[in-house]
Amino acid sequence: MTIELFIPCFIDQLYPATAFNTVKVLEKAGCKVNYNPEQTCCGQPAFNAGFWDDAKAVGSKFLNDFHDDSVIVSPSASCTGMVRNYYNDLFTNTSSHNKCRAIQSNIYELSDFLVNILGVDYFGAELEGRAVYHDSCAGLRECKIKDEPRQLLSKVLGLELVELKDNETCCGFGGTFAVKFDGIATAMAQQKVDNALAADAEYIISTDASCLLHLQSYIDKNDLPIKTIHLADVLAHGWGNV
C-alpha cells in the first residue's frame, strides 16, 4: 500500500527521530511512504487558542498538501483527531468541503492504521523493561484508540506492559492549557508520573509526543527514574537483534 505521511510540526521540530522511526515501521509493514516536505501544521494550536481564521488558513494549506484519494498516516492521535473532528468547524459548506470530507475519512493514527487497516502487529521489536501506556485524551476520545497500542506493545520482546492507574485521566498538557494553568498542569503530570512509578514502570509510552514532552519535563525537573518514549520509537527498537 502507498501512503502519505503526515509529520506534525511538533514532532518535526522536537522529535525528528520519531518521524524517521515511523517511516521505518511503515516500510517494514510493507508500505511505500510518500512524504511532502512542504507540509507544516494542521492548525490545531491556533484553533485551540481561538484564532479560527488563522487555523483555517493553516488548515487550507494542509488540505492542499495532501491528496483526497490517498491514505494519510500520522504518529499523532492529537493531530489526527484535529483533522477528523474539528475541520468540520472550519470547512463545512466552504469550497473545500468535499476535499475535507475525503481527507477526514482517509487519515489514520499510526497504531490504528497498523492494527485495523493493515492487520500487522509484530515488527521484531525488542525493549527490555517494565512500562505503562498513557492513553492520550485525543487518542482515547477523538480517535477511539485504546486496544491498538496495547496489542502492538504486547508483541515487543522483553517488554512487560502493566496497566496505569487512572490511565484515562489527562496528563495536563492540553496545548496552551499547560501555559495558562501551569500549576494545575504540573499537578496533573505529577499524578500521572506518580502512578507510573507506583507500578514500578521504567517507561511511559504513548501515541502523542506532546503528552510525553509534558511528562518528561516534569520527570527531568524532579530527577525521577523513569523515561517517556513514543510508540513508534518502541516499535522500531531492537531490530538489530532479530
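Structure: above.
Quantities reported herein were computed from a predicted structural model and do not represent experimental measurements.

**Section: the pairing of strand β3 (residues 71–74)**
Covered by surrounding structure in β3 are Val71 and Val73 together with Ile72 and Ser74, the residues of both alternating faces. With 3 bridges connecting them, strand β1 (residues 2–5) and β3 associate as parallel partners. The residue bridging Ile3 from the neighbouring strand is Val71, located in β3.

**Topic: the sheet that holds β1**
Strand order across the open sheet formed by 4 strands is β2-β1-β3-β4, with parallel pairing between neighbours. The open sheet is flanked by β2 (32–34) and β4 (107–109), the only strands paired with a single partner. Taken pair by pair, the neighbouring strands of this sheet meet at an average axis angle of 35°, ignoring direction. Sitting on the sheet, helix α6 (residues 97–106) touches β3 and β4, and the angle it makes with β4 is about 30°.

**Quick word on the layout of surface pockets**
Considered as a void within the structure, the largest pocket measures approximately 650 Å³ in volume. Around the largest pocket, the lining comprises 30 residues; the ones closest to its centre are Gln44, Asn48, Ser78, Phe173 and Gly175. Those elements that place two or more of their residues in the lining of the largest pocket are α1 (9–14), α3 (44–48), α5 (77–91), α8 (137–142), α10 (177–180) and α12 (209–221). When its residues are assigned to classes, the lining of the largest pocket shows 19 nonpolar, 9 polar and 2 charged.

**A closer look at the pairing of strand β5 (residues 126–133)**
Pairing between β5 and strand β6 (residues 157–162): 5 bridges, direction parallel. Along β6, the bridge assignment pairs Arg130 with Glu160. Strand direction decides the pairing type here: β5 and strand β7 (residues 203–206), joined by 3 bridges, are parallel. The residue bridging Ala131 from the neighbouring strand is Tyr203, located in β7.

**Things to note about the state of the cysteines**
A complete count under the given rule lists 0 disulfides for this structure. Distance from the sulfur of Cys42, which forms no disulfide, to the nearest cysteine sulfur (Cys79) is 4.0 Å.

**Let's talk about empty space enclosed by the protein**
All chains considered together, the criterion is met by 1 cavity of 30 Å³ or more. Within this model, the largest cavity holds a volume of roughly 40 Å³. Every residue along the wall of the largest cavity is listed here: Lys165, Asp166, Thr169, Cys170, Met188, Gln191, Lys192 and Asn195.

**What about the nonpolar core?**
Of all hydrophobic cores here, the largest spans 36 residues; its most connected members are Ile3, Leu26, Phe113, Leu114 and Ile205. Of all the secondary-structure elements, those providing two or more residues to this core are β1, α2 (16–28), β3, α7 (110–118), β5, α9 (147–153), β7 and α13 (231–235). Filtering out sequence-adjacent residues up to four positions away, Ile205 remains in contact with Ala131, Val132, Tyr133, His134, Leu153, Leu159, Leu212, Ile229, His230, Leu231 and Val234.

**Examining the side chain of Lys192**
For Lys192, the position within the fold is in helix α11 (residues 182–198). Buried and unpaired, Lys192 has no salt bridge, with Asp135 as the nearest side chain of opposite charge at 7.0 Å. When sequence neighbours within four positions are dropped, the list of residues in contact with Lys192 reads His134, Leu164, Asp166, Asn167, Thr169, Cys170, Cys171 and Leu215.

Quick notes on the rules
Residues numbered from 1 in each chain as written. Predicted model: local features only at pLDDT ≥ 70, side-chain atom pairs only at ≥ 80, totals over all residues. Heavy atoms only, no water. Buried < 20%, exposed > 50% of the residue type's maximum accessible area, 1.4 Å probe, protein only. Helix = DSSP H or I, 4+ residues; strand = E, 2+ residues; numbered from the N terminus. Pairing = 2+ DSSP bridges. Axes fitted to C-alpha atoms, helices over the stretch in contact; angles between N-to-C directions. Contact = heavy atoms within 4.5 Å. 1 Å grid on protein atoms, 1.4 Å probe; cavity = no way out; pocket = protein on both sides within 12 Å on 5 of 7 lines; lining within 4 Å. Points joined across faces, edges and corners; volume = space filled by probe spheres on them. Nonpolar A, V, L, I, M, F, W, Y, C, P; charged D, E, K, R; others polar. Disulfide = S-S within 2.5 Å. Core = buried A, V, L, I, M, F, W, Y, C linked by side-chain atoms within 4.5 Å. Lys, Arg positive; Asp, Glu negative; His and termini not counted. Salt bridge = Lys/Arg side-chain N within 4 Å of Asp/Glu carboxyl O.

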